[in-house]
Amino acid sequence: MVEPILRVEGVSKSYARRGLLARDATTARPALSPASFELMPGEILGIVGESGSGKTTLARCIALLERPDTGRVMFRGEDLVALNERELRKRRRAIQTVFQDPYASLNPRLKVGDALAEVMLVHRLAERRHVRGRVAELLDQVGLPSRAAHDYPAAFSGGQRQRICIARALAAQPDILIADEPVSSLDVSVQAQVVNLLLDLRDRLQLSVIFIGHDLHLIDFLAPRVIVMLAGEIVETVGGDVPITDARHPYTRALMDAVPSLEKVAARQSSTPESPSR
Amino acid sequence: MTELGLNIENLSIAFDRGRKEAISGLDLKVLPSQALGLVGESGSGKSLASRAALGLLPRKARVTGRITLDGQSVLELSPAQLRRIRGSGIAMIFQDPMSSLNPVVRVGEAIAQVIRSHESVAQGVALERAVALMARVGIRDPETRMRSFPHEFSGGMRQRIMIAMALAARPRMLLADEPTTALDVIVQDGILKLLDQLRRDEGMGLLLVSHDLAVVGSVCDRIAVMYAGQIVEEGPAMDVLMRSRMPYTVGLHASTQRSKTLKRLPSIPGAPPPLGERPASCRFAARCPLVAPQCLAGPVPLVSVGSDHMARCVRTAEVANLDRATFTVREREAAHNG
């Protein structure tokens, strides 16, 4: 039987209020109530919810960018939460994150090639003489020409920058890629390209992906299993045996209904045959 | 007779001493109480066009053409005259409500300021109207919330405050530039419904700018599609969405498809030509699955393809052969169209 690559067990997090007027930390509403799930090798797992639902907090806890208050993050049989900073640094390579805003997550003064090379050198994944070839390979993998290495991030559009961010994550040769709203700030037409790229990478590199977003239709397309979050809690897991159209939780249905789609527009228009056009 | 509404005629805007033309010969009309959706990708010129209607243009821009609001020429107004029509004649909301609100002014006060800059009413009266406006845009408990600062609101509530401010001077035309792009779907749904209702109740014209065909389709009665600085298709919303006659519109439509029967999401290959490198012939030709020699022969005019429906394409008859779900050319169905 195939073992999960990641097992999240009862991970929770609350942010205590700081400062003079802070109340007792124990009274703070948790940003994330204890959450548990498993991620299989080569699986794309979706996490969906509105802003403030705790989906980003969950992602940050899995990547240990944030230390959870309780619970365990089991990766290859080892609890990452129990590790100290130094031990953790060695494991960070394996779980990489791509963030929502590709304008804020690239150093504007670092050429794209240097940004990718830095990752490889820090993690000692390539010798200096091989770095250039490897950079070209990575750029090719995300559909950018190798001459992109010589440009600064400012020369690229939002969609291209997100490809660069993905290439930088891949430079670390991760086992797990966490994509936190990677397409939410992109044009619809470009969203499709980035989603297709993630599907290609999963196929080619057997990468496990956690894809976070608020567009349930998009997530349902690429993730066979989707975790639905509301107010810091996992309220439902859909997919697998339960198709999303059979989702039971009213919040999941509300999420589905809220996505504007052309099918809905067509249905609305045909129900009002003479729409006043002026 | 003065022409009511917003009327843009043959507008061109260029930068870099005219070398880089961002908008080329744009014609656009929004009648009172009509909702027009302006759709296009980043860099298509859609935001620039909507800002031009407010007289908000970069100083280095070289502008030709005419923009009139209820018959008044916007481009010829003095700064003082412009200030007067901004707010009462035409108001605008932007994508990012946080950076458009003063963080140290309570929201009730911010709305009252807009009212008092256009009408001479007492502060108390202005604040009362601010409360009424907050209730109007769906903010609960406005008497208390008027004393809150912008950071105490969520993104969606902030956008509602922006809408309340935009409505404060009773504008005849509202421009909304990607008003929901930074918001999640549930909040977006609420804002779109609010905009739709306001325009019906107040008889206000609405120009909704978005990259998302589905967003625009759920609110607007007319849709104009912009590509590389030009209108490439315009008409009644249903005709543009369901009987597209321009391959680019078909591609945009396809990229909203989420059918699980597809292995990959349909998308338009390539990217739009950069400023200054736009061809004189069809600007979409390099990405078009229907491209033919006549597409590269010279400038392509907008042609009528139905009642009140226009497209900028020389192969409008063949566009019916494009599959709206996948943006590929269908085989053996050419007989379908007339």
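All values derive from a computational prediction rather than experimental measurement.

Parameters and conventions
Residues numbered from 1 in each chain as written. Chains lettered and ligands numbered in written order. Predicted model: local features only at pLDDT ≥ 70, side-chain atom pairs only at ≥ 80, totals over all residues. Heavy atoms only, no water. Helix = DSSP H or I, 4+ residues; strand = E, 2+ residues; numbered from the N terminus. Rg over C-alpha atoms; globule rule 2.2 N^0.38 Å. Buried < 20%, exposed > 50% of the residue type's maximum accessible area, 1.4 Å probe, protein only. Contact = heavy atoms within 4.5 Å. Areas by Shrake-Rupley, 256 points an atom, 1.4 Å probe, with all protein chains shown as cover. Lys, Arg positive; Asp, Glu negative; His and termini not counted. Charge placed at Lys NZ, Arg CZ, Asp CG, Glu CD. Domains from an automatic or database assignment. Buried area = accessible area lost by both parts, 1.4 Å probe. Salt bridge = Lys/Arg side-chain N within 4 Å of Asp/Glu carboxyl O. Pairing = 2+ DSSP bridges. pLDDT = per-residue confidence, 0-100. Nonpolar A, V, L, I, M, F, W, Y, C, P; charged D, E, K, R; others polar. Axes fitted to C-alpha atoms, helices over the stretch in contact; angles between N-to-C directions. 1 Å grid on protein atoms, 1.4 Å probe; cavity = no way out; pocket = protein on both sides within 12 Å on 5 of 7 lines; lining within 4 Å. Points joined across faces, edges and corners; volume = space filled by probe spheres on them.

Assigned secondary structure in chain A consists of 9 helices and 10 strands. In summary, chain A has a C-alpha radius of gyration of 21 Å against a globular reference of 19 Å for 278 residues, a match within 12%. Based on the C-alpha atoms only, the size of chain A along its principal axes is roughly 70 × 50 × 50 Å. Here chain A, with 278 residues, has 52% of them falling under the buried criterion. Expressed as a percentage of contacts within chain A between residues at least 6 apart in sequence, the contacts between residues at least 24 apart total 70%. A total accessible area of about 13,500 Å² is found for chain A, and carbon and sulfur atoms account for 50% of it.

Broken down by element type, chain B carries 10 helices and 12 strands. Computed over the C-alpha atoms, the radius of gyration of chain B is 21 Å, within 12% of the 20 Å expected from 2.2 N^0.38 for a compact globule of 338 residues. In terms of overall dimensions, chain B has C-alpha extents of about 70 × 50 × 35 Å along its principal axes. Going through the 338 residues of chain B one by one, you find that 54% of them count as buried. At a minimum sequence separation of 6, the contacts of chain B that also span at least 24 residues come to 64%. Per element, the accessible surface of chain B, about 14,600 Å² overall, is 52% carbon and sulfur. Each charge sign in chain B was given a centre, from 42 positive and 33 negative side chains, and these centres are 4 Å apart.

Residue and element names in this part refer to chain B. As assigned here, chain B comprises domain 1 (6–220) and domain 2 (244–336). In this assembly, 10 residues from domain 1 lie in contact with 10 residues from domain 2. In terms of surface lost to domain 2, no three residues of domain 1 exceed Lys 20, Glu 41 and Leu 213, which account for 50% of the buried area on that side. In this assembly, domain 1 and domain 2 are joined by 1 salt bridge. Here the side of domain 1 that touches domain 2 takes 4 residues from strand S2 (residues 20–30), the largest share from any one element.

This part takes up the pairing of strand S1 (residues 6–15) of chain B. All names here are of chain B. For S1, a buried count of 7 out of 10 residues is recorded, marking the element as mostly surrounded by other parts of the structure. Pairing of S1 with S2, which is carried by 7 bridges, proceeds in the antiparallel orientation. Across the sheet, residue Ile 8 finds its bridge partner in S2, namely Leu 28. Adjacent in sequence and paired antiparallel, S1 and S2 are bridged by 4 residues, among which Asp 16 carries a positive phi angle near 55°. Relative to strand S4 (residues 62–69), S1 runs antiparallel, the two being bridged by 7 bridges. Each bridged residue has a counterpart across the sheet, and for Ile 13 the counterpart in S4 is Val 63.

The next thing to look at is the confidence of the model for chain B. Taken residue by residue, chain B gives an average pLDDT of 91. The fraction at 70 or more is 97%. Per-residue pLDDT stays below 50 along residues 333–338 of chain B; that stretch engages in 6 contacts with residues further than four places along the chain or on separate chains.

This brings us to helix H10 (residues 247–254) of chain B. In terms of burial, H10 of chain B is largely enclosed, as 8 of its 8 residues are buried. Along H10 of chain B, the positions that sit buried rather than exposed are Pro 247, Tyr 248, Thr 249, Val 250, Gly 251, Leu 252, His 253 and Ala 254 of chain B.

With 41 residues of chain B in contact, the opposing surface of chain A contributes 38 residues. With both chains or domains summed, chain B and chain A bury close to 3,300 Å², and 58% of this area falls on carbon and sulfur atoms. Salt-bridge contacts for Asp 220 of chain A lead to Lys 260 of chain B; the nearest nitrogen and oxygen are separated by 3.0 Å. Counting only elements with at least two residues in the side of chain B that touches chain A, the list comes to helix H7 (185–202), helix H8 (213–217), helix H9 (237–242) and H10 of chain B. Here the side of chain B that touches chain A is composed, by residue class, of 16 nonpolar, 14 polar and 11 charged.

All names here are of chain A. Strand order in the open sheet formed by 4 strands is S2-S1-S4-S5, and the pairing between neighbours is antiparallel. Of all the strands in the sheet, just strand S2 (32–39) and strand S5 (78–79) have a single pairing partner and so form its edges. Relative to S5, strand S4 (residues 70–75) is paired through 2 bridges, and the arrangement is antiparallel. The partner of Met 74 across the bridge, within S5, is Asp 79. Against the sheet, helix H1 (residues 55–62) touches strand S1 (6–13), S2 and S4, its axis set at about 60° to S2.

The next subject is the layout of surface pockets. Estimated volume of the largest pocket: approximately 1,300 Å³. Those elements that provide at least two residues to the lining of the largest pocket are helix H5 (158–171) and helix H6 (188–205) of chain A together with helix H1 (46–53) of chain B. Among the residues making up the lining of the largest pocket, the classes are represented as 16 nonpolar, 16 polar and 11 charged. Here the lining of the largest pocket spans two domains, since at least three of its residues come from each of domain 1 (6–220) and domain 2 (244–336) of chain B. By volume, the second largest pocket amounts to about 610 Å³. Of all the secondary-structure elements, those providing two or more residues to the lining of the second largest pocket are H1 of chain A together with helix H6 (155–167) of chain B. Of the residues contributing to the lining of the second largest pocket, the split by class is 6 nonpolar, 15 polar and 8 charged.

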